[in-house]
Amino acid sequence: MESRTEVLLIAPCGMNCGTCVACLRERNRCPGCRGPDDKKSVTRRDCRIKNCAVFHKEDAGFCFECGDFPCDRLKHLDKRYRTKYHMSMIENLENIRKFGILEFMENEKIRWTCARCGGTICVHRGCCYDCGEKIS
Ligand SMILES: [Zn+2]
């Protein structure tokens, strides 16, 4: 396996924390949804999807493993991200289910790597975090 750290950056909801502005910044850097709680902001620590009962049993769990998938809470989050950031958590989860987490990670790496500088594209900014290049 390539990097467990990278796999751990995929939250139960399908969010790639590695593309999140809170995870990319230098100061008060968020360790990702699966990281230690004391280093996260309150909205992330208290996220009701991450804290959903299903994931207390299985550390590496994803929402698609749940009988309620996709639940209203996830659909709501997905809609917000599709509308605001052109990214779908549910689509991510379906790809993880279909291709497996490692292949998904490979595709994510391609999708979020800046063609100009090789930096990381930030989903919230819609451009490269390092050089500001827009997503084509
Ligand atoms: Zn760049």
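Above this note sits the structure.
1. Some points on the overall build of the protein
Scanning the protein from N- to C-terminus turns up 7 helices and 2 strands. Listed by position from the N terminus, the elements making up the protein come as α-α-α-α-α-α-α-β-β. Relative to its 136 residues, the protein shows a buried fraction of 39%. Considering only residue pairs separated by 6 or more positions, the protein has 46% of its internal contacts joining residues 24 or more positions apart. Accessible surface, the protein: about 8,400 Å² in total, of which carbon and sulfur atoms supply 50%.

2. Topic: the pattern of salt bridges
Enumeration over the complete set of coordinates arrives at 6 salt bridges. A salt bridge links Lys 50 to Asp 37; the nearest nitrogen and oxygen atoms lie 3.8 Å apart. Of this pair, Lys 50 sits in the loop between α3 (42–45) and α4 (54–57) while Asp 37 sits in the loop between α2 (21–24) and α3, placing them 13 residues apart in sequence. Asp 37 gets classed as partly exposed once you look at its relative accessible area, which sits at 35%. A salt bridge links Lys 75 to Asp 72, with the shortest nitrogen-to-oxygen separation between them at 4.0 Å. Remark: Asp 72 and Lys 75 occur in helix α5 (residues 72–85); sequence separation between them is 3 residues, near one turn of the helix.

3. Re the environment of Arg 111
Take Arg 111: it is sitting in helix α7 (residues 101–112). On the basis of relative accessibility, which here comes to 33%, the residue Arg 111 falls in the partly exposed class. Excluding residues that lie within four positions of it along the chain, Arg 111 makes contacts with His 86, Met 87, Asn 92 and Ile 121.

4. Some points on the packing of aromatic side chains
The full count for this structure, using the stated rule, is 2 aromatic pairs. Note on Phe 62 and Phe 64: the rings are 5.8 Å apart at their centroids and 10 degrees apart in plane angle, and the pair reads as stacked. The class of Phe 62 is buried, set by a relative accessible area of 8%. Considering the side-chain rings of Tyr 81 and Tyr 85, the 4.8 Å spacing of their centres and the 50 degrees angle between planes classify their relative orientation as tilted.

5. Some details on the coordination of the zinc ion
Taken together, the protein ligands of the zinc ion are Cys 114 (SG), Cys 117 (SG), Cys 128 (SG) and Cys 131 (SG), with distances of 2.3 Å. Each of the 4 donor atoms bound to the zinc ion contributes to angles spanning 101 to 114 degrees, and the resulting shape is tetrahedral. Since its relative accessible area comes to 5%, Cys 114 is described here as buried. Looking at Cys 117, the relative accessible area reads 42%, which means it is partly exposed.

6. Considerations on the packing of helix α6 (residues 89–99) against α7
In contact at an axis separation of 7 Å, α6 and α7 are set at 130 degrees when each is read in the N-to-C sense. When the interaxial angle is binned, α6 and α7 end up oblique. For the pair formed by α6 and α7, the contact residues are Asn 92, Asn 95, Ile 96 and Phe 99 on the first element and Ile 101, Glu 103, Phe 104, Glu 108 and Arg 111 on the second. Looking at the contact of α6 with α7 residue by residue, the classes come out as 4 nonpolar, 2 polar and 3 charged.

Cut-off values and rules
Residues numbered from 1 in each chain as written. Predicted model: local features only at pLDDT ≥ 70, side-chain atom pairs only at ≥ 80, totals over all residues. Heavy atoms only, no water. Helix = DSSP H or I, 4+ residues; strand = E, 2+ residues; numbered from the N terminus. Buried < 20%, exposed > 50% of the residue type's maximum accessible area, 1.4 Å probe, protein only. Contact = heavy atoms within 4.5 Å. Areas by Shrake-Rupley, 256 points an atom, 1.4 Å probe, with all protein chains shown as cover. Salt bridge = Lys/Arg side-chain N within 4 Å of Asp/Glu carboxyl O. Phe/Tyr/Trp six-rings, centres within 6.5 Å; stacked < 30°, edge-to-face > 60°. Donors = N, O, S within 2.8 Å, 3.2 Å for Na, K, Ca; no water. Tetrahedral: all angles 85-135°; square planar, octahedral: opposite > 155°, others 65-115°. Axes fitted to C-alpha atoms, helices over the stretch in contact; angles between N-to-C directions. Parallel < 35°, antiparallel > 145°, perpendicular 65-115°, else oblique. Nonpolar A, V, L, I, M, F, W, Y, C, P; charged D, E, K, R; others polar.

Purely spatial values, then, with no claim about function.
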